[in-house]
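Letter by letter, the chains look like this.
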Amino acid sequence: MADASVTSTIRPIFTFRGLTRGAQRLLPVSVFVLPFGIAYGAAAIDAGMTIDQAMVASLVMFAGASQFAALDLWQTPLPLLSLMLVVLAVNARHLILGAAISPYVNPLPAHHWLGALMLLSDVNFADSYKAMKDGERDAAHILGGGLMLWCVWAIATAIGVFAGSALGNLERFGVDVVMAAFFGALTLGMVPNLRRAIPVAVACAVAVVTLPILPAGWNIITAALAGGFVGMLDPKAVREAG
Amino acid sequence: MVDAPTAYLAIFLMALVTLGTRVGGAAIMRFVTLSPRVTVFLEAMSASVLAAIVVTFLMNNGTREAAAVGVAILVMLATRSAVWSMVAALLLAAGWTVLIS
């Protein structure tokens, strides 16, 4: 979490050199984005998105988990409000990342501040946050890492969508289960112990019970909020976050 | 088929929401400190939303999909790698389609 005592001493800068440093550091890691992007491209075609729509989604959203989540609601008519709320819930963790890195970006002028944050994701946050704790004060480092990941994400999506449209009926290759498998694995990674699994279990129960009675996507939003509130009731978790 | 203008409107709105989450955390910190309670809420919600999506997917599908997700979770427990769990689920689902249905 942000340490209030350092806020006054950080004088961040924003330069092209910092940008290339951030990009270079994530070059090896970004290879691991490829399978997810290819899977997303193929799953997007399977869900009924066009090649152009899937590409634009990857370029302007650059948020894999939420893009996958949106595919689940990609139906006619499009439930716009549900889509926005599910994307908000899936990407809410960005708020924590942004708050943690705020001492290193908030002193910047507005255009640099926006540049540093516009491609913030889990991976470049992890790398830049560590670098900045170790003395890096160039906030363009975050954008550089983000740009590297963004390029690989776009290339991977392109591979996935073209493979998807060329091969047709992707369910026989198992593409339809990739999202659920990915999310199942991610959830597991976010739950370090059984106590932290309680809110997740409550959320699952709420999702099951409310699925038949709520419009598309709303059972997920309801479950996410329920999980969040149950999580807050854990005094040990609150102490650990403080 | 989703009509193109609505599809792009949806993508634009989702991108806007996503950008909001990227800048929102740092913006909020200009005025207030994110309390530990709010941090825990956001953490618990982040895991809960993904789990809720998986459960909903399982409710709407059959044994093949449940088996694939089960394998993904086992592989994740064994390898701690999301990539390998995706690959395992993909292989099981593809194999199921070829051999069983």
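The written sequence of each chain sets the order in which its residues are numbered from 1. Chains and ligands are labelled sequentially in the order written, the chains with letters from A and the ligands with numbers from 1. Side-chain atom pairs in this predicted model are given and counted only at pLDDT of 80 or more, local residue features only at pLDDT of at least 70, and totals for whole chains, interfaces and linings cover all residues. Water and hydrogen atoms were dropped before computing side-chain values, which therefore reflect all heavy atoms in the structure.

Engineer: For this particular structure, what's the right way to read the interface of chain A and chain B?
Structural biologist: By a frequent convention, interface size equals the accessible area lost on bringing the separate parts together. Taken together, the contact between chain A and chain B spans 93 residues of the former and 67 residues of the latter. Note on chain A versus chain B: buried area summed over both sides is about 6900 Å², and carbon and sulfur give 79% of it. By definition, a salt bridge exists where a carboxyl oxygen of Asp or Glu is found within 4 Å of a side-chain nitrogen of Lys or Arg. Applying the counting criterion to the chain A and chain B interface returns two salt bridges. In this structure, B:Glu43 engages A:Arg196 in a salt bridge whose closest nitrogen and oxygen atoms are separated by 3.5 Å. Counted as a polar contact is a pair of N or O atoms within 3.5 Å, where, for protein atoms, one must be capable of donating a hydrogen and the other of accepting one, and residues adjacent in sequence contribute only when both atoms are in side chains. Our enumeration of links across chain A and chain B arrives at eleven residue pairs in polar contact (both at pLDDT 80 or more). In this description a helix means any DSSP run of H or I spanning at least four residues, a strand means any run of E spanning at least two, and both kinds are numbered starting from the N terminus. Examining the composition of the side of chain A that touches chain B, we find that 13 residues originate from one element, helix α11 (residues 178-190) of chain A, more than from any other. Residues of the side of chain A that touches chain B, tallied by class, amount to 66 nonpolar, 20 polar and seven charged. In this description, contact between two residues means that some pair of their heavy atoms is separated by no more than 4.5 Å. What counts as buried area is the accessible surface, traced by a 1.4 Å probe, that two parts surrender upon association, with contributions from both included. In this classification, the charged set is Asp, Glu, Lys and Arg, the nonpolar set is Ala, Val, Leu, Ile, Met, Phe, Trp, Tyr, Cys and Pro, and all remaining amino acids, among them Gly, are polar.

Engineer: How should the domain arrangement of chain B be read in this particular structure?
Structural biologist: What the domain assignment lists for chain B is domain 1 (1-34) and domain 2 (35-101). For every domain, the bounds stem from an assignment made automatically or drawn from a database. Here the C-alpha centroids of domain 1 of chain B and domain 2 of chain B sit 25 Å apart.

Engineer: Is there a simple way to think about the confidence of the model for chain B in this case?
Structural biologist: For any part of a model where pLDDT is low, the fine detail of the predicted coordinates should not be relied upon. How sure the predictor is of each residue is captured by pLDDT, a score from 0 to 100. Averaged over chain B, the pLDDT score is 92; the fraction of residues at 70 or greater is 99%. Highest mean pLDDT in chain B belongs to helix α1 (residues 4-29) of chain B (97); lowest belongs to helix α4 (residues 82-99) of chain B (90).

Engineer: I would appreciate a short explanation of the environment of A:Asp138 in the present structure.
Structural biologist: Residues and elements named next belong to chain A. Its location among the elements puts Asp138 in the loop between α9 (122-133) and α10 (140-167). With a 1.4 Å probe rolled over the protein chains alone, any residue whose accessible area is under 20% of its type maximum counts as buried; one over 50% counts as exposed, and the rest are partly exposed. According to the relative accessible area criterion, Asp138 is buried, its value standing at 2%. Residues within four places of Asp138 in sequence aside, it is in contact with Ile13, Phe14, Thr15, Gly18, Arg21 and Met132. At 3.1 Å, the side chain of Asp138 forms a polar contact with the backbone nitrogen of Ala140.

Engineer: For this particular structure, what's the right way to read the nonpolar core?
Structural biologist: Generally speaking, nonpolar side chains in soluble globular proteins are found buried as a group. The biggest cluster of nonpolar side chains holds 80 residues, and the ones touching the most others in it are A:Phe68, A:Trp74, A:Phe183 and B:Ile53. Here this core takes nine residues from helix α2 (residues 36-60) of chain B, the largest share from any one element. Setting aside residues up to four positions removed in sequence, A:Phe183 forms contacts with A:Ala65, A:Phe68, A:Ala69, B:Leu50, B:Ile53 and B:Val54. In this description, a nonpolar core means a group of buried Ala, Val, Leu, Ile, Met, Phe, Trp, Tyr and Cys residues linked to one another through side-chain atoms lying within 4.5 Å. Membership of the second largest hydrophobic core comes to 18 residues, among which are A:Ala100, A:Trp113, A:Tyr129 and B:Val23.

Engineer: Would you mind going over the packing of aromatic side chains with me for this structure?
Structural biologist: Here the distance between the centres and the angle between the planes together describe a pair of aromatic rings. Two aromatic rings from Phe, Tyr or Trp, using only the six-membered ring of Trp, form a pair when their centres are within 6.5 Å; if the ring planes differ by under 30 degrees the pair is stacked, by over 60 it is edge-to-face, and anything between is tilted. The final tally for this structure, using the stated rule, is nine aromatic pairs over all chains. Look at A:Phe229 and B:Phe41: their rings are 5.1 Å apart centre to centre, the planes differ by 55 degrees, and that puts the pair in the tilted class. Residue A:Phe229 is found in helix α13 (residues 218-232), and its partner B:Phe41 is found in helix α2; the two belong to separate chains. Site record: aromatic cluster; members linked through ring pairs are A:Phe36, A:Tyr40, A:Phe68, A:Trp153, A:Phe182 and A:Phe183.

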